[in-house]
There are 2 protein chains.
Amino acid sequence: EEVAKLLALKAQIGTEPVAQKFTLKTPKGTRDYDPKQMAIRETVFDTVVRCFKRHGASTIDTPVFELKETLTNKYGEDSKLIYDLKDQGGEMLSLRYDLTVPFARYMAMNNIQTIKRYHIAKVYRRDNPAMTRGRYREFYQCDFDIAGHYDPMIPDAECLRIVSEILSELKLGDFVIKVNDRRILDGIFAVCGCPDDKFRQACSAVDKLDKLPWSDVKAEMLEKGLTEESCDKIGSYVQMAGGLQLVEKLLSNEELNQNKLALAGLTDMKVLLQYLDLFQVTNRVQFDLSLARGLDYYTGPIFEAILLGNQDANKERVKGETVGVGSIAGGGRYDGLVGSFHPKGKSVPCVGVSIGVERIFSIIEANIKKEKGKTRTNDTQVFVASPQKGFVEEKMKIINELWNANIKAEMSYKKNPKMLNQMQHCEESGIPLAVIVASGELDAGTVKIRSVGSREERTVDRSKMVDELKGNQNNIPMFSC
Amino acid sequence: EEVAKLLALKAQIGTEPVAQKFTLKTPKGTRDYDPKQMAIRETVFDTVVRCFKRHGASTIDTPVFELKETLTNKYGEDSKLIYDLKDQGGEMLSLRYDLTVPFARYMAMNNIQTIKRYHIAKVYRRDNPAMTRGRYREFYQCDFDIAGHYDPMIPDAECLRIVSEILSELKLGDFVIKVNDRRILDGIFAVCGCPDDKFRQACSAVDKLDKLPWSDVKAEMLEKGLTEESCDKIGSYVQMAGGLQLVEKLLSNEELNQNKLALAGLTDMKVLLQYLDLFQVTNRVQFDLSLARGLDYYTGPIFEAILLGNQDANKERVKGETVGVGSIAGGGRYDGLVGSFHPKGKSVPCVGVSIGVERIFSIIEANIKKEKGKTRTNDTQVFVASPQKGFVEEKMKIINELWNANIKAEMSYKKNPKMLNQMQHCEESGIPLAVIVASGELDAGTVKIRSVGSREERTVDRSKMVDELKGNQNNIPMFSC
């Protein structure tokens, strides 16, 4: 027994890290993406970008850092989360905090009046990372925006259609897209006796309704100085949700339709829901008066997509992000932001949506893990192998033919690898086919084509090899779950 | 004349910028990529990535910043070009300077023994930007590396084949890939009487032979303390270039083949050239004894691809970059770098290549400009239009059908756009087809399909519209030149 204890102790010591010359880690709140994570990331980006392109979007890119002053006074309290660069002589720089401010800076700087662009890039926030919940200090944002002076709700409807297309294609389960309008909310606040200067505070309280009961939200509003009567009246409005019928009902509400903001918001909401019907997404969309969205700069319709399947994850929702842990996409209309950058204050109305790709990566990773699915990290279709020694040059001739024919192919980097190791590599990497050559095939001018899964082999003429393989190239999905 | 002067003056004043609330610019040495530049960038990346995948590579990603200590003592004098982040409490961070050090850190941290990976990402250097020559402080690197204990020259040959495939596919004109081996150079320095501790300095002098005459290089070596005799002897070696015959000749040179380093290098070079013959790239490859490469960490074969067509650009070559202004790709074997990171010093031999994508972007942009080519910034295939007012909802129904059928389609965001404007938009954006609907078509249950280029129209049944359009979707190239 004593010996067993000592052995256990020794084993423990053996796994202790030895003294390192330096810390081998990534900075706090960041991570490397390994090949499996990259395969998922690329599949998601591919789906998202195909959708953006289906809608005629172009793309832009901006530097990872901006002049510090470009980001100043844009994020309120959250400005403290901005990463600054060290003053090494020259300009004061900060890492971008989101993609919207650089987009507005780009538009104003180049005096652009109309653009439909997407931008997928990493942004940086010195937040407390919650990496187990997929929240990092370096993370992707994936934004699509339509800018220009257009007729009401046509671009807005397309943004919602895009959210619906992407979430459907990614097969993440059932989802709902909640829509509301800042003008409707402001109108409600006004008719309920909330003073103008308390609109944003009331809005921020209402925004918590998806994770707090009404009584808590009411308490917050009372604390912020609203009257009991105002709160109760606001409560009776913001707890409503529905569709076109609800819009009609509110439009005929004489209190609301006397308020210019509410009337404008409701009129546009009616048009939006009609357009969404033509775009066949009505069944996904809910007009929800409790939706408020965190950002200050929204001026019209706002929306947020929420996955319904995963109730636990929804409970986890933490506020303060464009896309929270529970929501999967969000956006809205912001008609004033570009003007705030433009030297002459020239405004360009914008509407946009941000897809919560980091959360999507996490969900897909979790699904693959749960279903014990496999992730391929490369696309290789054919492995060139030989059971005999001395065939490295022959294999090189064959693989050269395959590459010339644009067939994705690999071979061992060892001169005389064991056949078993070669086949194991194929199985582990999910390579579906092997071309096998040995002295028999060489003499006969043939090769064997082997299906790695079924282990079936057939012999084909060397001159027909490429055609045979091209006919056999199925599209193997990068992951299964 | 006085009036003309005043008018000229007035015109000048008119173009003066007005007072701005803040500076509307990107940081020094950086730029935005507009949609046209992005179209080129994506086409280049697509070609490069397809090639990497054809060779079975997976991809990884690392954070944009690393712990400052990870980058310390890696770049010699150039360390002063590293961007540090401000100390905001917590870890000391720096922006990555290249992709090789983060790759080695990733390998050591995860104890990875074999990987074939590519990594395309931006790196940061506080260098003096020469933006007109395509040199920026934020720029892309595009690295492919094969790591693992393998047999000599098999992965090395594949790296060279990859360079050849990519440069051929990108149609940048004729190119040559120069190859040499650090061990051959060191062997030459040794047999020429250069002291061991001056190898790296001699190497750095030789590296300038592509832009300086031999006399200047000799002067530098003399300055560094080499004797006249050593210099002349080195000169007679490093001005040689050729193929397999030259390798054979040097292998039979009794002075050189007595030197272990030179012998090992030449033996491998012979194998490499034989493999390259099987990979059909011999005509692109030249064994050039003057090739030295800037980086200290190379331990074996080194290579550099140079475009031949553009002699002016080659003259501009400035040293000090992995990929200089004149070279278009480069790389080599570095067997010691990963071990220098590993806590137990465990080594993983690596060979890799870096594709000079920024230079490739510049060349393609210049070609398009020269040939007055057009660049499309989106893929849209079909524009849904109407010459009549009041058709926004009908157009929405049509475009909804097209999106459902995965056809890339756009329509105006204005309710009643002018037909002329709609057609002009198609012409400007390169959209090849328009679906046109008006009351006549609506009544007849048809649409018109118009070829934007030829202005030909034909009427088809609404029920056949999608099939007709799918048959007509040619792959329009993103740019022509």
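Note: the structure precedes this text.
Bear in mind that the values here come from a model prediction, so they are computed numbers and not experimental data.

Engineer: Help me out: how do you make sense of the packing of helix 8 (residues 214-223) of chain A against helix 9 (residues 228-238) of chain A in this one?
Structural biologist: The angle between the axes and the distance between the axes are what describe a pair of packed helices. Residue and element names in this part refer to chain A. Viewed as axis vectors pointing N to C, helix 8 and helix 9 meet at an angle of 140°, and their least axial separation amounts to 10 Å. By the angle between their axes, helix 8 is oblique relative to helix 9. Regarding helix 8 and helix 9, the two cross each other, and that crossing is right-handed. Contacts between helix 8 and helix 9 involve Trp214, Lys218, Met221 and Leu222 from the first element and Glu228, Cys231, Asp232, Ile234, Gly235 and Val238 from the second. For the contact of helix 8 with helix 9, the per-class residue count stands at six nonpolar, one polar and three charged.

Engineer: Could you clarify how one ought to interpret the packing of aromatic side chains in this entry?
Structural biologist: Each aromatic ring pair is specified by the distance between its two centres and by the angle formed by the two planes. If you walk through the whole model with that rule in mind, you get 26 aromatic pairs over all chains. Taking the centre distance of 5.7 Å and the plane angle of 55° together, the rings of A:Tyr124 and B:Phe65 count as tilted. Taken together, the residues span two chains, with A:Tyr124 in strand 4 (residues 115-124) and B:Phe65 in strand 2 (residues 65-67). The same class applies to A:Tyr124 as to B:Phe65, namely buried. Taken together, the ring pairs in this structure connect A:Tyr33, A:Phe45, A:Tyr140 and A:Phe361 into an aromatic cluster. The ring of A:Phe103 is capped by A:Arg117, whose NZ or CZ atom sits 3.9 Å from the centre of that ring. The lysine or arginine in question, B:Arg125, covers the ring of B:Tyr97, its NZ or CZ lying 4.0 Å from the ring centre.

Engineer: Sorry, what's going on with the interface of chain A and chain B here?
Structural biologist: By convention, interface size is frequently given as the accessible area that disappears when the constituent parts associate. Tallying the contact residues gives 102 residues for chain A and 102 residues for chain B. Taking both sides of the interface into account, the surface hidden between chain A and chain B amounts to around 9,000 Å²; carbon and sulfur atoms contribute 58%. Applying the counting rule to chain A against chain B returns 14 salt bridges. The partner of B:Lys122 in a salt bridge is A:Asp61, with the nearest N and O atoms 2.7 Å apart. In this assembly, chain A and chain B are joined by 56 residue pairs in polar contact (both at pLDDT 80 or more). Counted by class, the side of chain A that touches chain B contains 43 nonpolar, 26 polar and 33 charged residues.

Engineer: Whenever I open this one, unusual backbone geometry confuses me. Can you help?
Structural biologist: Excluding glycine, a negative phi dihedral is what most residues carry, and trans is how most peptide bonds are arranged. Unlike most non-glycine residues, A:Asn406 shows phi in positive territory, near 65°. The partly exposed category is assigned to A:Asn406, whose relative accessible area is 42%. Of note in this structure, B:Lys171 is not a glycine but carries a positive phi near 50°. Following the sequence through the fold, B:Lys171 ends up in the loop between helix 5 (154-169) and strand 6 (175-181).

Engineer: I tried to follow the pairing of strand 12 (residues 382-385) of chain A on my own but got confused; where do I start?
Structural biologist: Regular strands place their side chains on alternate faces of the sheet. All names here are of chain A. Residue alternation in strand 12 divides its side chains into two sets, Val382 and Val384 and Phe383 and Ala385, and both sets are buried. Taken together, the three bridges between strand 12 and strand 13 (residues 409-411) define a ladder with parallel strand orientation. Across the sheet, residue phenylalanine 383 finds its bridge partner in strand 13, namely glutamate 410. Chirality of the crossover, the property in question, places the unit of strand 12, helix 16 (residues 392-404) and strand 13 among those that are right-handed. Where strand 12 lies against strand 14 (residues 433-436), four bridges are found, and the strand directions are parallel. The partner of valine 384 across the bridge, within strand 14, is valine 435.

Engineer: Hey, could you run me through the sheet that holds strand 7 (residues 241-242) of chain B in this one?
Structural biologist: In sheet architecture, strand pairing relies on hydrogen bonds along the backbone and comes in two forms, parallel and antiparallel. Residues and elements named next belong to chain B. The sheet built from nine strands is open, its strands ordered 1-4-5-11-10-9-6-8-7 with mixed pairing. Both outer strands of the open sheet, strand 1 (58-59) and strand 7, are each paired with one neighbouring strand and no more. Here strand 1 runs beside strand 4 (residues 115-124); their pairing, made up of two bridges, is parallel. When the bridges of strand 4 are listed, serine 58 appears paired with arginine 117. Packed on one face of the sheet, helix 14 (residues 357-370) meets strand 5 (138-147), strand 9 (301-307), strand 10 (327-333) and strand 11 (350-355) and runs near 125° to strand 5.

Engineer: What's the story with the relation of the copies chain A and chain B in this structure? I'm lost.
Structural biologist: Both copies of the chain are related by one operation, a rotation about an axis with a shift along it. When chain A is fitted onto chain B, the two copies agree to an RMSD of 0.1 Å after a turn of 180° and an axial shift of 0.0 Å. Both copies are brought into coincidence by an operation consistent with a two-fold rotation axis.

Engineer: Please explain the sheet that holds strand 1 (residues 58-59) of chain A as it appears in this structure.
Structural biologist: Residue and element names in this part refer to chain A. Taking strand neighbours across the sheet as the criterion, the nine strands line up as 1-4-5-11-10-9-6-8-7 in an open arrangement whose pairing is mixed. In this open sheet, the two edge strands, each paired with only one partner strand, are strand 1 and strand 7 (241-242). Set on the sheet, helix 15 (residues 357-370) makes contact with strand 5 (138-147), strand 9 (301-307), strand 10 (327-333) and strand 11 (350-355); between it and strand 5 the angle comes to about 125°.

Engineer: How should I be thinking about the pattern of salt bridges in this particular structure?
Structural biologist: Opposite charge on two side chains permits pairing when their charged atoms draw close. Counted under the stated rule, the structure contains 81 salt bridges over all chains. Here B:Lys116 ties to A:Glu410 by a salt bridge, and the two come within 2.7 Å at their closest N and O atoms. Of the two residues, B:Lys116 sits in strand 4 while A:Glu410 sits in strand 13, which places them in two different chains. Taken as a pair, B:Lys116 and A:Glu410 share a single burial class, namely buried. Measuring nitrogen to oxygen at the nearest pair gives 2.8 Å for the salt bridge that ties B:Lys218 to B:Asp232. Here the residue B:Lys218 occupies a position in helix 8 (residues 214-223), and B:Asp232 occupies one in helix 9 (residues 228-238), the gap between them amounting to 14 residues. For B:Lys218, a relative accessible area of 15% puts it in the buried group. Since its relative accessible area comes to 36%, B:Asp232 is described here as partly exposed. What emerges from the salt-bridge pattern is a single network uniting A:Asp46, A:Arg50, A:Arg54, A:Arg161, A:Glu165 and A:Glu169.

Conventions adopted
- Residues numbered from 1 in each chain as written.
- Chains lettered and ligands numbered in written order.
- Predicted model: local features only at pLDDT ≥ 70, side-chain atom pairs only at ≥ 80, totals over all residues.
- Heavy atoms only, no water.
- Axes fitted to C-alpha atoms, helices over the stretch in contact; angles between N-to-C directions.
- Helix = DSSP H or I, 4+ residues; strand = E, 2+ residues; numbered from the N terminus.
- Parallel < 35°, antiparallel > 145°, perpendicular 65-115°, else oblique.
- Left-handed = near helix turned anticlockwise from the far one by under 90°.
- Contact = heavy atoms within 4.5 Å.
- Nonpolar A, V, L, I, M, F, W, Y, C, P; charged D, E, K, R; others polar.
- Phe/Tyr/Trp six-rings, centres within 6.5 Å; stacked < 30°, edge-to-face > 60°.
- Buried < 20%, exposed > 50% of the residue type's maximum accessible area, 1.4 Å probe, protein only.
- Lys NZ or Arg CZ within 6 Å of the ring centre and 35° of its normal.
- Buried area = accessible area lost by both parts, 1.4 Å probe.
- Salt bridge = Lys/Arg side-chain N within 4 Å of Asp/Glu carboxyl O.
- Polar contact = N/O pair within 3.5 Å; in protein donor to acceptor, adjacent residues only side chain to side chain.
- Pairing = 2+ DSSP bridges.
- Right-handed = clockwise from strand over helix to strand, strands pointing away.
- Least-squares fit on C-alpha atoms with pLDDT ≥ 70 in both.

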